[in-house]
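Understanding the architecture of this molecule
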Amino acid sequence: MYYLYLMMRVVFSLLIISTGLSLWAQSKWTGNTSPDYYRLIDELKRMDKESPLVSLYNMGPSDVPGLPIYVCVINGAEDSTATFLKARKGTTLLFNNAIHPGEPDGINACLIYTENYMRLDSINPNDPVVAFIPAYNVGGMLTRSATSRANQNGPELYGFRGNAQNLDLNRDFTKMDSENARTFAKIFHALNPDVFVDNHVSNGADYQYTLTYISSLRERMAPSLRKLIYGSMLPQLTQALKKSKWDLFPYVETVKETPDSGIYQFNDLPRYAMGYASLFNVISFTVETHMLKPFPNRVKATHDFLNELVKWTVVHAAQIELAREKAHEWEGSQRYFRFNYSRTSAADSIQFKGFTAVRDTNDITGLSHLTYDRNLPYQKSIPFYRTYVPLDSVEIPQFYIVRGQEHRIIEQLKANNILFEVLSQEKTLDVNAQFVRSFDAISKPYEGHYLHPTKAIEKVSMKMNFRPGDVLIPTNQNGSLFLHAVLQPMCEDSYFTWNYFDSYLQEKEYFSNYVFVEKLRSILQANPELRQAYEAKKAADKEFATSEWQQLYFIYQNSAYFEPSYMLLPVYELK
Ligand SMILES: [Zn+2]
């Protein structure tokens, strides 16, 4: 019985692709143009009016005042409440377009997908909900040109990578500097997608493929998802796409200048859309079409990838739901949170269809340069470095406590569906306090921040007094991977790394030598241990022995006069 039902679903889904193909030529989005924000939203509003299967929702503000971020939902329910409930409870795919508006392939692909869906004679209401964000980076959509993607083959006009604040939104998913990121979190958690795709166009080397993809690091995934994605989903998608003449290939990140030297797997950190989504055990991909292929071909490739993904999801909805459920269980069973994944030197081998790299001399510069000869295509095995190991881990506490003054963080946790309790009365608790012992900062801002790439944190167990308004966050909840990624200060995309806690890294009070020197005797008399440490240091360290400042500061720092909040982070662990 179940088998029969499955077969019917397969037949139905095949209908989508065959109908889609015959209608390809009729669409106005298959040429070398892509709509601007206003035209795009007008088109979708029209489709929403015309078809009960298509609904366009204003989901909240973008980086441009008055121009919202929308989500378009296909195969929803009768109203918005029922639609979002259906999405959260059932199987749902979410596609994100124009996070980089210079790479608008996904916009056209989703318009064509929607047109084709509207033309279907019958639909199965039990099929997955397909939702897409038509244009995520609204500010970037408004800055149109034919030039900002210097190496790209179409469309005629397109938007710009930076948003109105000049942020690359595909680095903003944990730090959330943009209004866009806050609206994204709302869309993401309102839909609870099972599958997520972020649509892009590549830069870099030349090769034969039009369609490349990034999938999350295998090593970071829950075993159930790793097995589903790498064991069946990707091999089957690759097979299915071959039938539409697409070679689906991993994103080409070259180890050296050309792909012959080998390629490596992209590390999808939480700052990126797909890295963020995978923290919530969502099956996540980035599509990267190749910049030098004509826009219409890239749109077709993106469309076909999304369409095959929907078809796969239709057939495997039950397995996807089960794998995600198991992933949440796995997440809850972990004792350690692993991070700082680093690529190893272990190489797999992969068959690669490239163009031969040759050197040529440029007339203008008179210098030798690299180029690829398209008359010399090749297919050969190249090394594929895709094995990562976590270099660090932390033991997972039962709770985090965030101080109530950290409004921004508390708001962001709320936006990410993290459950917590706000303390209503004072409480003294045995916790791990976290002291920053050393840190550095990059010398030029990156995405608006002087990041802290290296740091040392000491966790000190002590009794601390907590106040009403401080928040107690259990780690045993869905979303805990996100929680650790942002609250564990050592993590690559933590709030500490992104400068949220810089105000805690500065001393607020000091002393005057001539006054403090008079207090030394009484301080040391009252504290024999400190006296011993001081004498030992004076005996062992010549510079210290001759520096009044060093000696005074040593005693000051270890006395009751020193501020206990120096370098103390407002995030605690309760074991
Ligand atoms: Zn991009």
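Treat the numbers as computed from the prediction; the structure is a model and nothing was measured.

Attention shifts here to empty space enclosed by the protein. Tallied over the full model, the rule gives 3 cavities of 30 Å³ or more. Considered as a void within the structure, the largest cavity measures approximately 90 Å³ in volume. Lining the largest cavity we find 13 residues, and of these R220, P270, F337, F339 and E492 sit closest to its centre. Element by element, the count of residues in the lining of the largest cavity is highest for strand 11 (residues 336–343), at 5 residues. Considering only residue class, the lining of the largest cavity consists of 8 nonpolar, 1 polar and 4 charged. A domain-level breakdown of the lining of the largest cavity finds at least three residues from each of domain 1 (2–331) and domain 2 (406–575).

The next subject is the domain arrangement of the protein. A common way to express how large an interface is: the accessible area buried when the components associate. Per the domain assignment, the segments making up the protein are domain 1 (2–331) and domain 2 (406–575). Each of domain 1 and domain 2 has a C-alpha centre, and these two points are 42 Å apart. Opposite the 19 residues of domain 1 that make contact, domain 2 presents 21 residues. Roughly 1900 Å² of surface becomes buried between domain 1 and domain 2 when both sides are summed, with 53% attributable to carbon and sulfur atoms.

Helix packing for two helices is described by the angle between their axes and how far apart those axes are. Here helix 14 (residues 528–540) crosses helix 16 (residues 548–557) at 155°, and the two axes come no closer than 11 Å. In terms of axis orientation, helix 14 runs roughly antiparallel to helix 16. As for how helix 14 packs across helix 16, the hand of that crossing is right-handed. Between helix 14 and helix 16, the contacting residues are L530, A533, Y534, K537 and K538 on the first element and Q551, F554 and I555 on the second. Classifying every residue of the contact of helix 14 with helix 16 by side-chain character gives 5 nonpolar, 1 polar and 2 charged.

Bringing the pairing of strand 2 (residues 69–74) into the picture now. Where burial is concerned, most of strand 2 is hidden: 6 out of the 6 residues are buried. Residues I69, V71 and V73 line one face of strand 2 and the alternating positions Y70, C72 and I74 line the opposite face, and both faces are buried. As paired strands, strand 1 (residues 54–60) and strand 2 are joined by 6 bridges and run antiparallel to one another. Its bridge partner lying in strand 2, G60 is registered against I69. Strand direction decides the pairing type here: strand 2 and strand 4 (residues 129–133), joined by 3 bridges, are antiparallel. Its bridge partner being in strand 4, I74 is matched across the sheet by V130.

Turning our eyes to something else, we now look at the coordination of the zinc ion. Coordination of the zinc ion by the protein involves H100 (ND1), E103 (OE), E103 (OE) and H200 (ND1), with metal-donor separations of 2.1 to 2.7 Å. Around the zinc ion sit 4 donor atoms; with metal-centred angles ranging over 52 to 149°, the donor geometry is irregular. Spacing between the donor residues of the zinc ion along the chain follows H-x2-E-x96-H. One exposure class covers both H100 and E103, and it is buried.

Generally speaking, soluble globular proteins have nonpolar side chains that are buried together. With 124 residues, the main nonpolar core has V71, F95, F285, F305, L309 and L487 as its most contacted residues. A per-element tally of this core places helix 9 (residues 295–333) first, with 12 residues. Split by domain, the residues of this core number at least three in each of domain 1 (2–331) and domain 2 (406–575). Residues F511, F516, L552 and F554 belong to the second largest nonpolar core, which totals 14 residues.

Basis of the calculations
- Numbers given to residues run from 1 along each chain, matching the order in which its sequence is written.
- Thresholds applied to this predicted model are a pLDDT of at least 70 for local features of residues and 80 or more for the giving and counting of side-chain atom pairs; totals over whole chains, interfaces and linings are not thresholded and use all residues.
- Heavy atoms from the whole structure form the basis of all side-chain values; hydrogens and water molecules are not counted.
- Each cavity reported here is a set of points on a 1 Å grid over the protein atoms alone in which a 1.4 Å probe fits but cannot get out, each pocket an open set with protein on both sides within 12 Å along at least five of seven lines, and each lining residue one with an atom within 4 Å of a point.
- Grid points are joined across faces, edges and corners, and a volume is the space filled by probe spheres set on the points.
- Note on conventions: DSSP H or I runs of at least 4 residues are helices, E runs of at least 2 residues are strands, and numbering of each starts at the N terminus.
- Residue polarity is assigned by list, with Asp, Glu, Lys and Arg as charged and Ala, Val, Leu, Ile, Met, Phe, Trp, Tyr, Cys and Pro as nonpolar; anything else, Gly included, falls into the polar class.
- Domain delimitation in this document rests on an assignment produced automatically or drawn from a domain database.
- Whether two residues are in contact is decided by their heavy atoms: any pair within 4.5 Å suffices.
- For any pair of parts, buried area is found by adding up, for both, the accessible area (1.4 Å probe) each one loses once the two are put together.
- Angles run from 0 to 180 degrees between N-to-C directions of axes, and those axes are lines fitted to C-alpha atoms, restricted for helices to the stretch in contact.
- Relative orientations are named as follows: roughly parallel for angles under 35 degrees, roughly antiparallel for angles over 145 degrees, roughly perpendicular for angles from 65 to 115 degrees, and oblique for any other angle.
- The sense of a crossing depends on the near helix, which, turned anticlockwise from the far helix by less than a right angle, makes the crossing left-handed and, turned clockwise, makes it right-handed.
- Exposure classes here rest on a 1.4 Å probe applied to the protein chains alone. A residue is buried below 20% of its type maximum, exposed above 50%, and partly exposed in between.
- Any two strands with at least two DSSP-identified bridges between them are counted as paired.
- Coordinating donors are taken to be N, O and S atoms lying within 2.8 Å of the metal, or within 3.2 Å when the metal is Na, K or Ca; because water is excluded from the atom set, some sites may appear incomplete.
- The rule is simple: four donors are tetrahedral if all their angles sit between 85 and 135 degrees, four are square planar and six octahedral if opposite donors span more than 155 degrees and the others lie between 65 and 115, and anything that fits none of that is irregular.
- Nonpolar core, defined: a set of buried Ala, Val, Leu, Ile, Met, Phe, Trp, Tyr and Cys residues in which side-chain atoms within 4.5 Å join the residues together.

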